[in-house]
Amino acid sequence: MEDISLQSRIDVLTEQQVLIQDSAVAFIAQDEELKKTRESRFVQPGYDQQTWQEMAELGWLGFLIPEQYGGIGLGFDDLHPVLIQLGKGLLPAPFVATAVVAASVLVNCDNEAIKKDRLPALVSGAWKPALAWQETQGQMSVEAEQLRIVDGKLSGKKAFVPDAGGADDFIVSAGGDKGTELYLVNKGATGLTIDYEQRIDGGFYARLSFDQVDVGELLAGTDRAEQVLESALDEGRVAASVELLGVMTRSLEITVDYLNQRVQFDKPIGSFQAIQHKTVDLFILSEISRSVVLQTIALLDGDASAHDRAVGASQVKARCGDAALQITKSAIQLHGGIGYTDEANIGLYLKKAMYLASWLGNATAHRARYAELTL
Amino acid sequence: MEDISLQSRIDVLTEQQVLIQDSAVAFIAQDEELKKTRESRFVQPGYDQQTWQEMAELGWLGFLIPEQYGGIGLGFDDLHPVLIQLGKGLLPAPFVATAVVAASVLVNCDNEAIKKDRLPALVSGAWKPALAWQETQGQMSVEAEQLRIVDGKLSGKKAFVPDAGGADDFIVSAGGDKGTELYLVNKGATGLTIDYEQRIDGGFYARLSFDQVDVGELLAGTDRAEQVLESALDEGRVAASVELLGVMTRSLEITVDYLNQRVQFDKPIGSFQAIQHKTVDLFILSEISRSVVLQTIALLDGDASAHDRAVGASQVKARCGDAALQITKSAIQLHGGIGYTDEANIGLYLKKAMYLASWLGNATAHRARYAELTL
Amino acid sequence: MTEETTNQYNAMDDDEFRAMVHTFYVENYPQELRFSPHRMHWDEIGDWYLTLSKQGWLTPAWPAEYGGMGLDANKLLIFMDVGESYGVGRTPDMGITMVGPLLIQHGSQQQKDHYLPKILAGEYIWCQGYSEPGAGSDLASLQTSAVRDGDHYVVNGHKTWTTLAMDANMIFMLVRTNKEGKKQEGITFLLVPLDTPGITVRPIINLGMHDEFAEVFFDDVKVPVANVVGGENKGWTIAKALLGHERIFIGSPKFAILAMSRLKSMAKSVGLFDDPIFVERYTRLQLDIEDLFATYKRFVEVLKRGGNIGPEVSMLKIWNTETQQRVTELMMEAASEHGGIQGGIETEEGLVRAAGEFIGSRPSTIYGGSNEVQRNILAKAVLRLPG
Amino acid sequence: MTEETTNQYNAMDDDEFRAMVHTFYVENYPQELRFSPHRMHWDEIGDWYLTLSKQGWLTPAWPAEYGGMGLDANKLLIFMDVGESYGVGRTPDMGITMVGPLLIQHGSQQQKDHYLPKILAGEYIWCQGYSEPGAGSDLASLQTSAVRDGDHYVVNGHKTWTTLAMDANMIFMLVRTNKEGKKQEGITFLLVPLDTPGITVRPIINLGMHDEFAEVFFDDVKVPVANVVGGENKGWTIAKALLGHERIFIGSPKFAILAMSRLKSMAKSVGLFDDPIFVERYTRLQLDIEDLFATYKRFVEVLKRGGNIGPEVSMLKIWNTETQQRVTELMMEAASEHGGIQGGIETEEGLVRAAGEFIGSRPSTIYGGSNEVQRNILAKAVLRLPG
């Protein structure tokens, strides 16, 4: 499939980025037909354990984790070619939820013993944490309100925890007398009930119900918990946006390919001007998204303030969420009938976009947050 | 110019409507080149006095005025073919402001002597009132707040009074101790200052400043003034919408004509699919507008409640305001460079749409009003 | 149905007729099948087909002489409208809406006598074999061939997007009987029992994970020449006229209205009406639907006057389907994380599946002549823009 | 400007250079001409042309040997950027941006020696004779003819959309010197004094009621053969390359940013930031502009690296101009009745004419290659979709 993005025309990658990109391209090429993606759909844990292990072997799980904890300690700059390929290949693996968001909380938390013990296991693929912070639909504040700590016991609920089925432990935010704290709670803890619901992309969200569950290990107290959480979520938003960029880029490639092949009224449909202009508009959207992605990863790797990182994260998630939905849904339209079958892969891209665009705040939520932060 | 509207394809006019329409078509055909429209621009009173007199002779000024006051006493049903042609011909005459809005206030007011005296003069073209109700930009409530009555004297300001330059008297809403009242104030009254500003279409808005001006004749007291006003404004909104329908219909005709003639890349530009689809979307907008117009004039002519008339007026003004702007601005784009010259008539349609869409509440304001009235 | 009953229906006061139909639905239509979000299979909706059949109400548009209700345009619209408002689901109705009118107009006496009663009785359930993998928007380029061999044809080819083929035992299809000349001129209409040897039906799972469609494969399928309708190579004209019959129905705002009512339920349940930004978007869509409805009624007036609707009806299809999509887009956006979940949000009016609605509204702009094709039609046939 | 000064500028620290330019603007550019909403005529902005000339800053992109500043890509961008931020108006700059580069690359030594100093001195003010009434988006179909007659050409025809022709005394134009073969291949570049007998200039009043453009009529106009640049029938290639130079500038988000800042002034003045619906729309546009800006910077990086920008730059033009239009549409809608008035709303930053801004932003999607043509380019040259 031809690369129609402007990356090779106008952007420059470092040598290291090229190496990383090549390895990621090769990795997703192994399952170009998306067989593993299809097999993992709607079957717990909603992703492929073997793929996860292979990613660990490539060192990807430790990208953002400092060397002292067994990782490689690189930045988003070097990670982004991997994230783009994850999106292009619809890789059935909870990379962002686990190796970005949960990893970020652990790396920035205050429990050195846990960090030393668990982070190397995360990097090796042997151990997977899942972050349970959200309580209500559309929630953007990191303050824990519903899940309460009383006498060292957790009671309440968490919702929208992605990819919990394969997780070993939960990172849980909970509200005490003085504010929000973060704990590491074992998945098998007494009093913890887990319900799963199918996501549209074939993965699962979990709802956690806590009934007098032992708090487990403290990761961050009220002085830092919200800040650690906010930072991890913003990194997750950016990473999800990069993955969305991959989703939209491949969707466009598949679509342009189809427009060249499919003949109607004795001409390839890609020769019709109305189709061309529509496709051009989608292309522009994808490149606008790429620009914001590149700008935002530079921001995350720099020394921007938490405020500026939040602004950047909302800017990029708003753009990529909208653009990915616009592009994938239009891709269905441009495919015609075949696009509406489960057999055609293009539909899988739409569904991935629907999940990633709505996770950690959709475009509407992020525009509102952006306005609040900047006006 | 070919009629491309669906009117002849799917709508049925009564014999009387056909007669009225024919006479209106013939009337505007006299100035197909819009010479009078151009001559009247930016020159007080911003319209053509002779055209007004001719309209009086055709009986149009008395359409909505009962026979007992010298009018013909017909409904919007019969008036609408005239209003459409006014829009199509960009007729330089303050028909809606004077013969619909101001006339409605007078017809529904409580001062029988004034009605008997003035309405026949309005019908004959000998006398023109202008309604001054609005005080602030974007105002939708008819309550008079700024212009106050103290001891039989008016003090304060009115704004956005259209076509006041040729008016003889002002109908003024003013706030007293117990609420809003309506008065007829002579244009030459002591203490009344008038400032004009150019509208984009070449007409004028007036700002009135009252400094201890004698109240003049009472038209309606606090018990009925707001109701009379609201009803007149809603009729004005509907009438302006019908005029906008004429504006958009003719803009489309002119544009389709141009698309057939203008050759680029060795083909008429109307043969390019992207141009065709864009034009089709404009056409759909114009027909959707026509449907709402037809529905709303039936509503006005029926026995709908004031609430339902308000809902209908906001529905039609929101649609026609938006559609007319969308169509006329796209018409400029479809014309290319020539569309941006003052020489080409298409620009006059854009400017008329800008004025009519923003007068008496633009689409945004009417959607908000619709939501308030229906949710 | 007798001529007499037909006359009686058509003479009824509109409101009375409306009430009669409504009452019948309330008393007979299964509550749990109201407003079904997907197209129902025979095992769900078959009983209802038979109930209507027994009542004589299965074929409201057929003339009484063929066992139809014989409703006039006005009563027919009321009949449809009551059904839509009550959320009555579509049966596998291709025999009723397509094959019946086809045979009544173009069938031989023998064909009418054979097929119509079996449609009425629910014995023959039909599916439509028009589209092919290579012939979507460009239907006339179809390739499935029928080669004459004595008193039968041998059919080979591949049909797709065949709605509810798994529920049907009959297919009415377009086949190519002549490969020379204009592609529109070598097409023939055939009626084929699906149990004829050589036919394979394979369901297609759609993005909503339903099997509403199927592919139908023909491998040396023998079809008697007597099963041709309207004569060899006459299929295209007939098929086009048949599509005309249905055109007003694809313009009905029912899907957009239904989607809007689900959005409203969800908005109430989630408390979205307190959010001015949501209210503004909701109002825009509400007005789009109201204005569409006003336009739809303008077209319906034509039918009521006994007139014909031309290519301009394409505008209804465009506005209707695109409005419906905008509604489900707002629904998905307003559902936040639920926009990425299979399940739904609990509301007083039942579960609203925002993501499912969003996906379910996608094909409306593709099927029945894609909206791109509809725009081509309007440009050429209504605006008369140059080729 | 000397080679030395050029080297000194290019070697300066970016911030230092920026500060130097800014200071010069503050001290020398007339306050009342900042952020002019219309293109200024010579009688308004001519003095500034001469001020820049005296400073040696008139032609920042020309090499030092021809009297230019000789800035490298990076410094050039800073130079432009400071001007835009401060609201410095465009001079009648066709000689600077078009004719100069044209002659430096394709002119004879004699032409360089004659024309370049007169441009620098403000003696020759140029306008561009490309478009014709029948050749807008399809520029190559131009008809204005130049027929060789001894040592001169006789030019006949009609140019239009000639920016600031009334201020110019010279025109550089494309003429047809060969009517056979491909239409692109018979076009020649000519330099013509506007006071040559037979030339008539007629201003065109635009929708904003300004006379920024003009038509230029040629009636048996004699032009010496020495005024050809780049050889007979070589005009098309040269003109296309010349347009390439400017492409990044039509993609600059400056117009959209300027419109947004006016919207902001108006919103503050009218109190619109208390309206959540307005805030939502404003934020959408703000993000459109921020994201455009991020994209623009990505393209600028290419120039800074010394690279070339290809047809993909069309996306900047599309996004930029359409965003600008969306901004002025919101401005007009938010201005209520002022959306229909010539005058403006008073704000702390001066008068904001919502209706005027709306109208003024219309041609941006038409000129410089209409957005339809830009989309054609992207479809073919970047996405490589079939003909």
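Rules behind the numbers
Residues numbered from 1 in each chain as written. Chains lettered and ligands numbered in written order. Predicted model: local features only at pLDDT ≥ 70, side-chain atom pairs only at ≥ 80, totals over all residues. Heavy atoms only, no water. Helix = DSSP H or I, 4+ residues; strand = E, 2+ residues; numbered from the N terminus. Rg over C-alpha atoms; globule rule 2.2 N^0.38 Å. Buried < 20%, exposed > 50% of the residue type's maximum accessible area, 1.4 Å probe, protein only. Contact = heavy atoms within 4.5 Å. Areas by Shrake-Rupley, 256 points an atom, 1.4 Å probe, with all protein chains shown as cover. Phe/Tyr/Trp six-rings, centres within 6.5 Å; stacked < 30°, edge-to-face > 60°. Domains from an automatic or database assignment. Buried area = accessible area lost by both parts, 1.4 Å probe. Pairing = 2+ DSSP bridges. Salt bridge = Lys/Arg side-chain N within 4 Å of Asp/Glu carboxyl O. Polar contact = N/O pair within 3.5 Å; in protein donor to acceptor, adjacent residues only side chain to side chain. Expected span 1.5 Å × (residues − 1). Axes fitted to C-alpha atoms, helices over the stretch in contact; angles between N-to-C directions. Parallel < 35°, antiparallel > 145°, perpendicular 65-115°, else oblique. Left-handed = near helix turned anticlockwise from the far one by under 90°. Nonpolar A, V, L, I, M, F, W, Y, C, P; charged D, E, K, R; others polar.

Here's the deal with the overall build of chain C
Okay, so step 1: Within chain C, the regular secondary structure consists of 12 helices and 10 strands.
Okay, so step 2: By the compact-globule yardstick of 21 Å for 387 residues, chain C fits well, its C-alpha radius of gyration being 22 Å.
Okay, so step 3: Based on the C-alpha atoms only, the size of chain C along its principal axes is roughly 75 × 50 × 45 Å.
Okay, so step 4: Considering chain C as a whole, with its 387 residues, one finds that 58% of them fall into the buried category.
Okay, so step 5: Nonlocal contacts in chain C, meaning residues at least 24 apart in sequence, comprise 70% of its contacts between residues at least 6 apart.
Okay, so step 6: Total accessible area computed for chain C in this model is approximately 15,400 Å², and 51% of it derives from carbon and sulfur atoms.

A word on the packing of aromatic side chains
Okay, so step 1: In total, this model carries 61 aromatic pairs over all chains according to the counting rule given.
Okay, so step 2: Ring centres of Phe293 of chain C and Tyr296 of chain C lie 6.4 Å apart, and the angle between their planes is 10°; this geometry places the pair in the stacked category. With Phe293 of chain C and Tyr296 of chain C both in helix H9 (residues 276-304), this residue pair falls 3 residues apart, about one helical turn.
Okay, so step 3: Summarising the aromatic geometry, the rings of Phe273 of chain D and Phe278 of chain D are spaced 5.8 Å apart at their centres and angled 65° between planes, so their arrangement reads as edge-to-face.
Okay, so step 4: On the basis of relative accessibility, which here comes to 25%, the residue Phe273 of chain D falls in the partly exposed class.
Okay, so step 5: Aromatic rings pair up to connect Tyr9, Phe17, Phe24, Tyr25, Tyr29, Trp48, Trp57, Phe79 and Tyr86 of chain C into one cluster.

A look at the domain arrangement of chain A
Residue and element names in this part refer to chain A.
Okay, so step 1: Parsing chain A into structural domains produces domain 1 (15-124), domain 2 (129-222) and domain 3 (226-374).
Okay, so step 2: Using only C-alpha atoms to locate each centre, domain 2 and domain 3 end up separated by 29 Å.
Okay, so step 3: Each partner contributes to the interface: domain 2 provides 14 residues, whereas domain 3 provides 16 residues.
Okay, so step 4: Taken over both partners, the interface formed by domain 2 and domain 3 buries close to 1,400 Å², and the fraction arising from carbon and sulfur atoms is 72%.
Okay, so step 5: Looking only at domain 2, the three residues that lose the most surface to domain 3 are Met140, Val142 and Ile200, adding up to 44% of its buried area.

Observations concerning the pairing of strand E1 (residues 129-132) of chain A
Residue and element names in this part refer to chain A.
Okay, so step 1: Along E1, one buried face is formed by Pro129 and Leu131 and the opposite face, lined by Ala130 and Ala132, is buried too.
Okay, so step 2: Pairing between E1 and strand E4 (residues 169-176): 4 bridges, direction parallel. Each bridged residue has a counterpart across the sheet, and for Pro129 the counterpart in E4 is Asp169.

Some details on unusual backbone geometry
Okay, so step 1: A cis amide bond links Gln44 of chain A with the next residue in sequence, Pro45 of chain A, at an omega value of 0°.
Okay, so step 2: For Pro45 of chain A, the position within the fold is in the loop between helix H3 (35-40) and helix H4 (49-57).
Okay, so step 3: Positive phi is not limited to glycine here, since Leu34 of chain B has a value of about 65°.
Okay, so step 4: Relative to the helices and strands, Leu34 of chain B is located in the loop between helix H2 (15-29) and helix H3 (35-40).

Observations regarding the interface of chain B and chain D
Okay, so step 1: Taken residue by residue, the interface counts 41 residues in chain B and 43 residues in chain D.
Okay, so step 2: Carbon and sulfur atoms make up 56% of the area that chain B and chain D hide from each other, which totals about 3,500 Å².
Okay, so step 3: On the chain B side of the contact with chain D, Gln137, Gln333 and Tyr340 of chain B bury the most area, a combined 21% of that side's loss.
Okay, so step 4: The tally of links from chain B across to chain D stands at 4 salt bridges.
Okay, so step 5: The residue Glu343 of chain B makes a salt bridge to Arg202 of chain D at a minimum N-O spacing of 3.3 Å.
Okay, so step 6: Counting only elements with at least two residues in the side of chain B that touches chain D, the list comes to strand E6 (192-198), strand E9 (263-264), helix H9 (273-301), helix H10 (306-335), helix H11 (346-358) and helix H12 (363-374) of chain B.

Quick word on the interface of chain C and chain A
Okay, so step 1: With 42 residues of chain C at the contact, the number on the chain A side is 41 residues.
Okay, so step 2: In total, about 3,500 Å² of surface goes out of reach between chain C and chain A, with carbon and sulfur atoms giving 56% of it.
Okay, so step 3: At the boundary of chain C with chain A, the tally comes to 4 salt bridges.
Okay, so step 4: The salt bridge partner of Glu329 of chain C is Lys329 of chain A, with a shortest N-O separation of 3.1 Å.
Okay, so step 5: Between the two partners, chain C and chain A, sit 22 residue pairs in polar contact (both at pLDDT 80 or more).
Okay, so step 6: Sorting the residues of the side of chain C that touches chain A by element identifies strand E6 (199-204), helix H10 (314-334), helix H11 (354-360) and helix H12 (371-382) of chain C as the ones contributing at least two each.

What to know about helix H4 (residues 73-86) of chain C
Because each turn of an α-helix spans 3.6 residues, side chains separated by three or four positions in sequence point in the same direction.
Residues and elements named next belong to chain C.
Okay, so step 1: For H4, with 14 residues, the first-to-last C-alpha span of 20 Å sits near the 20 Å given by 1.5 Å per residue.
Okay, so step 2: Along H4, the positions that sit buried rather than exposed are Asn74, Lys75, Leu76, Leu77, Ile78, Phe79, Val82, Gly83 and Tyr86.
Okay, so step 3: Tucked inside the fold, the buried residues of H4 contact helix H1 (3-11), helix H2 (14-28) and H9.
Okay, so step 4: Residue Gly87 follows H4 closely and has a positive phi angle near 80°.

Focus on the packing of helix H5 (residues 76-88) of chain A against helix H8 (residues 225-261) of chain A
Residues and elements named next belong to chain A.
Okay, so step 1: It is the contact of H5 with H8, at a shortest axis distance of 7 Å, that shows an interaxial angle of 45°. Looking at the two axes, H5 sits oblique to H8. Note on packing geometry: the crossing formed by H5 with H8 is right-handed. Facing Phe76, His80, Leu83, Ile84, Leu86, Gly87 and Lys88 of H5, the residues of H8 in contact are Glu235, Ala239, Val242, Glu243, Leu245, Gly246, Val247, Thr249, Arg250 and Glu253.
Okay, so step 2: Broken down by class, the residue content of the contact of H5 with H8 amounts to 8 nonpolar, 4 polar and 5 charged.

What about the domain arrangement of chain C?
Residue and element names in this part refer to chain C.
Okay, so step 1: Partitioning chain C into structural domains gives domain 1 (3-91), domain 2 (126-233) and domain 3 (251-382).
Okay, so step 2: A C-alpha centroid distance of 24 Å is found between domain 1 and domain 3.
Okay, so step 3: Domain 1 puts 7 residues into the contact, and the matching count from domain 3 is 8 residues.
Okay, so step 4: The contact between domain 1 and domain 3 buries some 620 Å² in all, and 65% of this surface belongs to carbon and sulfur atoms.
Okay, so step 5: Counting the surface domain 1 buries against domain 3, the share from its top three residues, Phe35, Leu77 and Glu84, is 64%.
Okay, so step 6: Counting the contacts that link domain 1 with domain 3 gives 1 salt bridge.
Okay, so step 7: Across the contact surface, domain 1 and domain 3 share 3 residue pairs in polar contact (both at pLDDT 80 or more).
Okay, so step 8: Grouping the constituent residues of the side of domain 1 that touches domain 3 by class yields 4 nonpolar, 2 polar and 1 charged.

Topic: the pattern of salt bridges
Okay, so step 1: By the definition in use, this model includes 98 salt bridges over all chains.
Okay, so step 2: For the salt bridge of Arg290 of chain A with Glu287 of chain A, the shortest nitrogen-to-oxygen distance reads 3.3 Å. Of this pair, Arg290 of chain A and Glu287 of chain A both sit in helix H9 (residues 273-301), 3 residues apart, roughly one helical turn.
Okay, so step 3: A relative accessible area of 4% means that Arg290 of chain A is categorised as buried.
Okay, so step 4: Its relative accessible area of 0% is what places Glu287 of chain A among the buried residues.
Okay, so step 5: As a salt-bridge pair, Asp214 of chain B and Lys153 of chain B come within 3.7 Å of each other at their nearest N and O atoms. Of this pair, Asp214 of chain B sits in strand E7 (residues 204-214) while Lys153 of chain B is found in strand E3 (residues 153-162), placing the two residues 61 residues apart along the sequence.
Okay, so step 6: Of the residues examined, Asp214 of chain B reaches a relative accessible area of 46% and is grouped as partly exposed.
Okay, so step 7: Assessed through its relative accessible area of 29%, Lys153 of chain B is described here as partly exposed.
Okay, so step 8: Overlapping salt bridges, with partners in common, bring together Asp322 and Arg367 of chain A, Arg281 of chain C together with Glu280 and Arg284 of chain D in one network.

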